[in-house]
Each structure stands twice: as structure tokens, then as C-alpha cells.
Amino acid sequence: NNVKFLGFIGGREKYAYFKSADILAVPSLWESLPIVLLEGMACGMPIVASNVGGIPYLIHDAENGYLVHPGAVRELAERISTLLHDKPLRELMGGKNLERVEKLTWDKIANMTFERYRQVLEDRVGE
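The following paragraphs examine the structure supplied in this document. Since this is a predicted model, take the numbers as computed values, not measurements.

This part covers the packing of helix 2 (residues 35-42) against helix 5 (residues 87-102). The interhelical angle for the contact between helix 2 and helix 5, taken along N-to-C directions, is 115°, at an axis separation of 7 Å. Every residue of helix 5 that contacts helix 2 at Leu38, Met41 and Ala42 is listed here: Asn97, Leu98, Arg100 and Val101.

A separate point is the pattern of salt bridges. A complete count under the given rule lists four salt bridges for this structure. Ionic pairing is found between lysine 14 and glutamate 39, a salt bridge with its closest N-O pair at 2.6 Å. Pair noted here: lysine 14 is in helix 1 (residues 11-20) and glutamate 39 is in helix 2, with a separation of 25 residues, a long-range link. Accessibility expressed as a relative area gives 22% for lysine 14, which makes it partly exposed. Between glutamate 122 and arginine 118 there is a salt bridge whose closest N-O contact spans 2.4 Å. Residue glutamate 122 and its partner arginine 118 are located together in helix 6 (residues 106-126), separated by four residues, close to a single helical turn. Connected through salt bridges with shared partners, the residues Glu115, Arg118 and Glu122 form a single ionic network.

Turning next to helix 4 (residues 73-84). Look at helix 4: 16 Å from first C-alpha to last across twelve residues, which is about the 16 Å you get at 1.5 Å a residue. When helix 4 is considered as a whole, its buried residues turn out to be Glu75, Leu76 and Leu83. All buried residues of helix 4 lie within an arc of 100° about the axis, which places them on one face of the element. Structural note: helix 4 exposes Val73 and Arg74 on the side pointing more than 90 degrees away from its buried face. For helix 4, the elements touching its buried residues are strand 2 (47-50), strand 3 (65-68) and helix 5.

What counts and how
- Residues numbered from 1 in each chain as written.
- Predicted model: local features only at pLDDT ≥ 70, side-chain atom pairs only at ≥ 80, totals over all residues.
- Heavy atoms only, no water.
- Axes fitted to C-alpha atoms, helices over the stretch in contact; angles between N-to-C directions.
- Helix = DSSP H or I, 4+ residues; strand = E, 2+ residues; numbered from the N terminus.
- Contact = heavy atoms within 4.5 Å.
- Salt bridge = Lys/Arg side-chain N within 4 Å of Asp/Glu carboxyl O.
- Buried < 20%, exposed > 50% of the residue type's maximum accessible area, 1.4 Å probe, protein only.
- Expected span 1.5 Å × (residues − 1).
- Arc of directions from axis to C-beta.

Structure, rendered in C-alpha cells:
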């Protein structure tokens, strides 16, 4: 009664759902770098996510969201509850996500990736 599976939702409708929510929860057991994190950040949402894969590169615990141990249901519920009961904290974390995601344009990501590859190649040549 409390959950509805909506199927695929895209475009503006998807972001309307994001903006109507107070928190984004990503309780994955494994991930690389989920795009849903970037979408939630772009909508100014605080995020509670599992500390797996690439998630900790975007979410810094107690700064712009919370990281929880994968599969730790009680910890996940506690962090969500903390945010649900603290609107100023939600707004603070959501604002930090907006600031952070503004720095992650595709051009900047491509440049960072190129620089990382360049560093790896230089390190190998120097060995």
C-alpha cells in the first residue's frame, strides 16, 4: 500500500518526481557510479547511499549525505529518519550537492579522465 512501481519515467516527469522527494536513498549492495546520484544531486537532494563502488567519490559522509554499510538496514533507516526530522540539515546537504554537481560537467569529467590517464602513462614511463 505504501509503494508504487511506476515503470520507466523519463524527461521532465522524472525530475518532477525527484524534486517532490525529500531524500534520495541508494541502498545498493554494489555499484560503479550510479547516474541516479548525479540526478539527485542536480535536484538538490540529500542522499543516503551504500558505501560501495564509486559512491564515496560523490557522497562524503555527513557532508552532502550519509554513507551506510551495504546491507545495514537499521543504519539506513536511522540515517533516513535523521534527515526526515531535520529540514535544515536536508537543505544544507542538498545545497552542497548542488554546488558539487555544478563542478561535474561532461567537459570537466572528460578533462579529469584525460589527466588521470596521462598521469598513469607518465608513471609507467618513469618506472
